[in-house]
Amino acid sequence: MEHQKPSTALFDVFLRLRPGQAERERFLDVEETSQDAPTHITIKPPANDKRKRAVERFAFTRVFEENAGQRDIFETSGAVRLLQGVLGAPGREGSDGLLATLGVTGSGKSHTILGSKTQRGLTQLTLDTLFQHTEPHLANVDSSEAVFSSLCASDVAESQIYTASNFLDNLYGNVDTTRMSRATTPAMVRETPTDIPGAFPSNASAEPTSISVYDRLYPPLPQYDADTTPSHNHLTYSPSKSSLNPLARFAHMTRSIAKLTHPAHQESSFLSAPASSKRYMPRVSTFPQSPSIDDIAIPTDSNAEYAIVVSMYEVYNDRIFDLLTASVTSGKNPQKRRALLFKSTEASPDRKVVAGLRKVVCSSLEEALLVLETGLQERRVAGTGSNAVSSRSHGFFCLHVKKRHKGRGVPGPWTSSTMTIVDLAGSERARAAKTAGSTLAEAGKINESLMYLGQCMQMQSDNAHSTTPNLVPFRQCKLTELLFSNSFTNHHQQKPPQKAVMIVTADPLGDFNATSQILRYSALAREVTVPRIPSVTSTILSGALAGNKSANPMSRPATPSAVVEELENALAEVARLREELEITQVRLEEETQRRIDAEASWTTAEMRIDEVEAEIRDEVFNEMEARLEQEQRRWRAARDEELDRQDEHLDRKLEIMARGIEIYEDGDEDKENVNVEALSDGVSKLGLRNSRLEELEDENAQLREKLANVEREKGLRSPSKKMRVLKTRKWDGSGMGLDDGL
Ligand SMILES: Nc1ncnc2c1ncn2[C@@H]1O[C@H](COP(=O)(O)OP(=O)(O)OP(=O)(O)O)[C@@H](O)[C@H]1O
């Protein structure tokens, strides 16, 4: 394996050239070098662009020419080195690794990351290497609930964690016709289902739905598994057949695999299963096997126990969506996918994580490939004028390596390091891509995020050559936040910053302007030159000299050296000025582009400000409304309480009156009259005037009437009144509320 020079840049930047098919003029040349591998390229404008002659020269960590295969890229781009870092040195926690591809649409990013029908991509190669090296030390999550629970407990990102058996069972075990993938994997769109030989027809009858995916993957084999009768509870922990010997399991699986899926799938490969409204499990046996990485060796820790957890998400229109949480389509109303947040969590206060992702613990390469394929089916892709299967989102494939010390007694705590592999969407020009409508709007968002990425990449390469590094403006959009947030040393935590590799892909026969723009901001260094034109000087001079020789020596005197020298100087000056002019033109072009980008980002910022302002207005308005309502409620409660108090007061008065009246009420009218007379006498005795007595009698009569009414209403009014009084007290917070009274 080639040793890479340590770099001060946040990203090592490699350039991969894709083999071209078009009969077009090549504008990119790789510089020959005496070293093992080329590191510099030059680009010159196509001949039909008469205005420009400037040649731009770019430096990369290494340049991979058209004949470089997937394995060359995997081995020499530093992917293996990243993986080694993620696994960590024996006894030590690993570091995070990030591998991304960047380039114009159609330049080969997805080919590099996800491969093709015949070649595996860097993601599959990474998974294979990971499992080959950790398989003997993998924790058995399928048969030990304690291990699974400890893994769940160690997660800091509020994730939903599943074992692969449960996840796949849930998805494919019971074929749910309401689940529908919005997009197919890149290669799937290339042909419509009916174009693919043997593609399953739309009216294909579904295979039996009650068979669990594990039963389909690993049907009972008496020679290996005579007494295993696993149960598969959906979305709950359950022991599975993964506890089988891995070799037996693989042999088992390859033999039974042909029975797994619908026969129509037999022609589809890893990246070519046709789109369907039903979920059919992809066939592992059709996934490409090459290139092989069997001879790649990475040291692992034999005292450690590992677990490999896969999660996948995409950044679409600057929002994060889980690719392993399938959207559900019911009838005409597809359920909206919920955007996730990139934030600090309670368990991870110093480090931002994508919170709430679905994560799947995989026990074998086959499981991981199935999970990967499942997530890819959710990813947004579309056919454009530039690429039949164009990624419309930035895809993030995360392989979390959990590691803990086995020891003799209680195992240590789990540590986690992540290898993130990113397939960025490609920059594109609307005219070339012939996009419209939502695809055009997507392209706008893609270009905007790539512009911010470009600014960060340019800043990082400027910083690498500067003694006073500037801040990398990575908080401008989700994409740059996700790519750069972990690149810097965080003093609050011990984990070292992530190591990152960017593979820039370019088509030397493609779009000159788009490619040169990407190269300008991604290259580690750049210089602009204009080819010298000695031929002009010499041609003119030699022409002048030849002319002088043939001229009549009488009409023109022998050329004085002073005239030749003057002419030579003048021509040299013209050439120099011309060169300067061209370089200035290139710079002007770049500055113009930067100004356009800056203006675009200014406009976006202004729009964002407007949005935020509107949001804040809404929020304040809603809060005011809520407060007003609260005040109104409080006021109504106070008023009710006052009314109740008055009622109570009246009640009490009535009671007293009633009691007073009862004393004199003996049942017969005479007595009453006697009593009234007696009362009248008493009153007279007390010196009350007759008129007053009459008043009192009237009042007495009224009160009696009221009493009768009140007593009639009493049964109805009392409970609610009590409630109202208690509620009012609770509103006021004056102690005896409803709850206190209970
Ligand atoms: N190195 C390569 N060898 C062979 N074929 C390649 C290579 N690179 C790209 N291709 C082919 O070119 C086509 C476009 O490539 P790909 O889809 O990877 O582009 P992309 O950069 O991901 O585009 P987009 O940004 O639009 O998604 C595919 O058919 C792919 O197979």
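Only a predicted model underlies this, so the values are computations on that prediction, with no experimental measurement involved. (Residues numbered from 1 in each chain as written. Predicted model: local features only at pLDDT ≥ 70, side-chain atom pairs only at ≥ 80, totals over all residues. Heavy atoms only, no water.)

Observations regarding the overall build of the protein chain
Next up, step 1: Within the protein chain one finds 19 helices and 20 strands.
Next up, step 2: The proportion of buried residues among the 742 residues of the protein chain is 46%.
Next up, step 3: A separation of at least 24 residues holds for 75% of the contacts in the protein chain among residues at least 6 apart in sequence.
Next up, step 4: For the protein chain, the exposed surface amounts to about 38,900 Å²; the carbon and sulfur share of it is 53%. (Helix = DSSP H or I, 4+ residues; strand = E, 2+ residues; numbered from the N terminus. Buried < 20%, exposed > 50% of the residue type's maximum accessible area, 1.4 Å probe, protein only. Contact = heavy atoms within 4.5 Å. Areas by Shrake-Rupley, 256 points an atom, 1.4 Å probe, with all protein chains shown as cover.)

Describing the pattern of salt bridges
Next up, step 1: Within this structure, the stated rule accounts for 28 salt bridges.
Next up, step 2: Measuring nitrogen to oxygen at the nearest pair gives 2.6 Å for the salt bridge that ties Arg-71 to Asp-295. On the criterion of sequence distance, the pair formed by Arg-71 in helix H1 (residues 70–76) and Asp-295 in the loop between helix H9 (246–256) and strand S8 (304–316) is long-range, its members being 224 residues apart.
Next up, step 3: Take Arg-71: its relative accessible area is 18%, and that puts it in the buried class.
Next up, step 4: Arg-639 serves as the salt-bridge partner of Asp-640, at 3.6 Å between the closest nitrogen and oxygen. (Salt bridge = Lys/Arg side-chain N within 4 Å of Asp/Glu carboxyl O.)

Examining a nonpolar patch on the surface
Next up, step 1: A contiguous nonpolar patch, built from Ile-616, Val-620 and Met-624 and spanning about 290 Å² of accessible area, is present on the exposed surface.
Next up, step 2: Structurally, Ile-616 is set in helix H16 (residues 561–664). (Patch = residues over 30% accessible without salt bridge, like charges linked within 9 Å, V, L, I, M, F, W, Y side chains within 5 Å.)

Considering the pairing of strand S6 (residues 97–103)
Next up, step 1: For S6, the tally of buried residues reaches 7 of 7 residues, placing the bulk of the element in the interior.
Next up, step 2: By the alternation rule, side chains of S6 split into Gly-97, Leu-99, Thr-101 and Gly-103 and Leu-98, Ala-100 and Leu-102, which are all buried.
Next up, step 3: Bridge count for S6 against strand S18 (residues 415–423) is 5 bridges, and the pairing is parallel. Paired with Leu-99 across the two strands is Ile-421, which belongs to S18.
Next up, step 4: One ladder, built from 7 bridges, connects S6 with strand S19 (residues 499–506); its direction is parallel. Bridge pairing in S19 places Thr-101 opposite Ile-503. (Pairing = 2+ DSSP bridges.)

Quick look at the packing of aromatic side chains
Next up, step 1: If you walk through the whole model with that rule in mind, you get 6 aromatic pairs.
Next up, step 2: Ring plane angle 55° and centroid distance 5.2 Å describe the contact between Phe-11 and Phe-484, whose orientation is recorded as tilted. On the criterion of sequence distance, the pair formed by Phe-11 in strand S1 (residues 11–17) and Phe-484 in helix H13 (residues 478–484) is long-range, its members being 473 residues apart. Each member of the pair, Phe-11 as well as Phe-484, carries the same accessibility label: buried.
Next up, step 3: Residues Phe-27 and Phe-512 carry aromatic rings whose centres are separated by 5.3 Å and whose planes lie at 90° to one another, so their mutual orientation is edge-to-face. Here Phe-27 is found in the loop between S1 and strand S2 (28–30), whereas its partner Phe-512 is found in helix H14 (residues 512–522), with 485 residues between them in sequence. Judged on exposure class, the residue Phe-27 and its partner Phe-512 are both buried. (Phe/Tyr/Trp six-rings, centres within 6.5 Å; stacked < 30°, edge-to-face > 60°.)

Considerations on H14
Residues three or four positions apart in an α-helix share a direction because the helix packs 3.6 residues into each turn.
Next up, step 1: For H14, the tally of buried residues reaches 9 of 11 residues, placing the bulk of the element in the interior.
Next up, step 2: Among all positions in H14, only Phe-512, Ala-514, Thr-515, Ser-516, Ile-518, Leu-519, Arg-520, Tyr-521 and Ser-522 are buried.
Next up, step 3: Its side-chain oxygen placed 3.1 Å from the backbone nitrogen of Asn-513, Asp-511 serves as the N-cap of H14. (Polar contact = N/O pair within 3.5 Å; in protein donor to acceptor, adjacent residues only side chain to side chain.)

Side note on the packing of helix H6 (residues 164–173) against helix H10 (residues 365–376)
Next up, step 1: Two numbers describe how H6 lies on H10: the axes approach to 10 Å, and their chain directions differ by 45°. What the angle tells us is that H6 and H10 run oblique. When the axes of H6 and H10 are compared, the crossing they make is left-handed. Contacts from Ala-164, Ser-165, Phe-167, Leu-168, Leu-171 and Tyr-172 of H6 reach H10 at Glu-367, Leu-370, Val-371 and Thr-374.
Next up, step 2: When its residues are assigned to classes, the contact of H6 with H10 shows 7 nonpolar, 2 polar and 1 charged. (Axes fitted to C-alpha atoms, helices over the stretch in contact; angles between N-to-C directions. Parallel < 35°, antiparallel > 145°, perpendicular 65-115°, else oblique. Left-handed = near helix turned anticlockwise from the far one by under 90°. Nonpolar A, V, L, I, M, F, W, Y, C, P; charged D, E, K, R; others polar.)

A short note on the sheet that holds S2
Next up, step 1: What the 4 strands build is an open sheet, ordered S2-S3-S4-S20; its pairing is antiparallel. One side of each edge strand has no neighbouring strand; the edge strands of this open sheet are S2 and strand S20 (525–529). Taking the axes of each pair of neighbouring strands and ignoring which way they run, one obtains an average angle of 20° across the sheet.
Next up, step 2: Relative to S20, strand S4 (residues 55–59) runs antiparallel, the two being bridged by 5 bridges. Counterpart to Phe-58 in the pairing with S20 is Arg-526.

Topic: H6
Next up, step 1: The element H6 is extensively covered by neighbouring structure, given that 9 of its 10 residues are classed as buried.
Next up, step 2: Turning to H6, its buried residues are Ala-164, Ser-165, Asn-166, Phe-167, Leu-168, Asp-169, Leu-171, Tyr-172 and Gly-173.

Quick word on a negative patch on the surface
Next up, step 1: The grouping of Glu-694, Glu-697, Asp-698 and Glu-699 at the surface amounts to a negative patch.
Next up, step 2: Locating Glu-694 in the fold gives a position in helix H18 (residues 690–732). (Lys, Arg positive; Asp, Glu negative; His and termini not counted. Charge placed at Lys NZ, Arg CZ, Asp CG, Glu CD.)

Considering the confidence of the model for the protein chain
Atomic detail in the predicted coordinates should be set aside for any region of low pLDDT.
Next up, step 1: Here the protein chain averages 74 in pLDDT, and 66% of its residues register 70 or above.
Next up, step 2: When the criterion is pLDDT under 50, residues 1–6 qualifies, and its contacts beyond four places in sequence or with other chains add up to 10 contacts.
Next up, step 3: Contacts of residues 175–277 to residues separated by more than four positions or lying in other chains number 224 contacts, the stretch itself having pLDDT below 50. (pLDDT = per-residue confidence, 0-100.)

Brief notes about the pairing of strand S9 (residues 319–322)
Next up, step 1: Here S8 pairs with S9 via 4 bridges, running antiparallel. Looking across to S9, one finds that Val-315 is bridged to Ile-320.
Next up, step 2: Hairpin connection, S8 to S9: the antiparallel pair is bridged by 2 residues, and Asn-317 has positive phi, about 50°.

So, the side chain of Lys-109
Next up, step 1: Tracing the sequence through the fold places Lys-109 in helix H3 (residues 109–114).
Next up, step 2: Buried within the structure, Lys-109 lacks any salt-bridge partner; its nearest side chain of opposite charge belongs to Asp-423, at an N-O separation of 5.9 Å.
Next up, step 3: Aside from chain neighbours lying at most four places away, what touches Lys-109 is Thr-101, Leu-102, Gly-103, Val-104, Asp-423, Leu-424, Ala-425, Gly-426 and Thr-505.

Concerning unusual backbone geometry
Next up, step 1: The peptide bond linking Ser-290 to Pro-291 adopts the cis configuration, its omega dihedral lying at 0°.
Next up, step 2: Even without glycine at this site, Glu-158 takes up a positive phi of about 50°.
Next up, step 3: Summarising the element assignment, Glu-158 is placed in the loop between helix H5 (145–154) and strand S7 (160–163).

Topic: the environment of Asn-470
Next up, step 1: Here Asn-470 shows up in the loop between helix H12 (437–464) and H13.
Next up, step 2: Residues Asn-470 and Met-459 lie 11 residues apart in sequence; the distance between their C-alpha atoms is 7.2 Å.
Next up, step 3: Beyond its immediate sequence surroundings of up to four residues, Asn-470 is in contact with Met-459 and Asn-463.

Observations concerning the side chain of Ser-107
Next up, step 1: Within the element layout of this structure, Ser-107 appears in the loop between S6 and H3.
Next up, step 2: One polar contact links the side chain of Ser-107 to the main-chain carbonyl oxygen of Val-104, over a distance of 2.6 Å.
Next up, step 3: Filtering out sequence-adjacent residues up to four positions away, Ser-107 remains in contact with Arg-18, Thr-505, Ala-506 and Asp-507.

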